[in-house]
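Below, each chain spelled out in residue letters.
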Amino acid sequence: MITVDRLEALMLRACHMARVTANLLGHHDLGWTAVQRELVAAQRVGAPDLVAAATWDMCGVWLHGASIEG
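Bear in mind that the values here come from a model prediction, so they are computed numbers and not experimental data.

**Looking at the nonpolar core**
Counting residues in each nonpolar core, the largest one holds eight residues, listed as Leu 12, Val 35, Leu 39, Ala 41, Ala 42, Ala 54, Met 58 and Val 61. At the level of secondary structure, the elements contributing two or more residues to this core comprise helix H2 (28–45) and helix H3 (48–64). In contact with Val 61, not counting residues within four places along its chain, are Arg 19, Asn 23, His 28, Gly 31, Trp 32 and Val 35.

**Topic: the environment of Ala 22**
As for its placement among the helices and strands, Ala 22 is situated in helix H1 (residues 4–24). Judged by relative accessible area, Ala 22 falls into the buried class, the value being 8%. Here the alpha-carbon distance between Ala 22 and Asp 57, two residues 35 residues apart in the chain, equals 12 Å. Setting aside residues up to four positions removed in sequence, Ala 22 forms contacts with His 27, His 28, Leu 30 and Gly 31.

**Quick look at the pattern of salt bridges**
Taken as a whole, this structure holds two salt bridges when the rule is applied. Residue Asp 57 pairs with Arg 19 through a salt bridge whose shortest N-O separation is 2.9 Å. Here Arg 19 lies in helix H1 and Asp 57 lies in helix H3, a separation of 38 residues in the sequence. Note on Asp 57: relative accessible area 5%, which makes it buried. When its relative accessible area of 9% is taken as the criterion, Arg 19 is described as buried.

**Notes on the side chain of Glu 38**
Here Glu 38 shows up in helix H2. Despite its burial, Glu 38 pairs with no opposite charge; the closest candidate is Arg 19, at 5.3 Å N-O. Among all residues touching Glu 38, those that are not within four sequence positions of it are Leu 12, Cys 15, His 16, Ala 53, Ala 54 and Asp 57.

**So, the packing of H1 against H3**
Running from N to C, H1 and H3 point in directions that differ by 15°, and their axes come no closer than 11 Å. In terms of axis orientation, H1 runs roughly parallel to H3. With respect to the hand of their crossing, H1 and H3 are arranged in left-handed fashion. In contact with Leu 12, His 16, Arg 19 and Asn 23 of H1, H3 contributes Leu 50, Asp 57, Gly 60, Val 61 and His 64. Within the contact of H1 with H3, the residues separate by chemical class into three nonpolar, four polar and two charged.

Cut-offs used in this document
- Residues numbered from 1 in each chain as written.
- Predicted model: local features only at pLDDT ≥ 70, side-chain atom pairs only at ≥ 80, totals over all residues.
- Heavy atoms only, no water.
- Core = buried A, V, L, I, M, F, W, Y, C linked by side-chain atoms within 4.5 Å.
- Buried < 20%, exposed > 50% of the residue type's maximum accessible area, 1.4 Å probe, protein only.
- Helix = DSSP H or I, 4+ residues; strand = E, 2+ residues; numbered from the N terminus.
- Contact = heavy atoms within 4.5 Å.
- Salt bridge = Lys/Arg side-chain N within 4 Å of Asp/Glu carboxyl O.
- Lys, Arg positive; Asp, Glu negative; His and termini not counted.
- Axes fitted to C-alpha atoms, helices over the stretch in contact; angles between N-to-C directions.
- Parallel < 35°, antiparallel > 145°, perpendicular 65-115°, else oblique.
- Left-handed = near helix turned anticlockwise from the far one by under 90°.
- Nonpolar A, V, L, I, M, F, W, Y, C, P; charged D, E, K, R; others polar.

All quantities given are derived from atomic positions and should not be read as evidence of function.
In structure tokens:
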């Protein structure tokens, strides 16, 4: 039997891979959608390390989308 936490963990992994792939292909809008869902899944699991990793992925979307001016 698959638990809710296991399903959320699978969702986290799928969203991370979708974000990476979308950014590499130049589809930053899709990467943004994936990282938003990844962050929600991480918050549902409630593990601080997963929330931090999802937040780090959000930074990656901002950087790939050139949203941060330096």
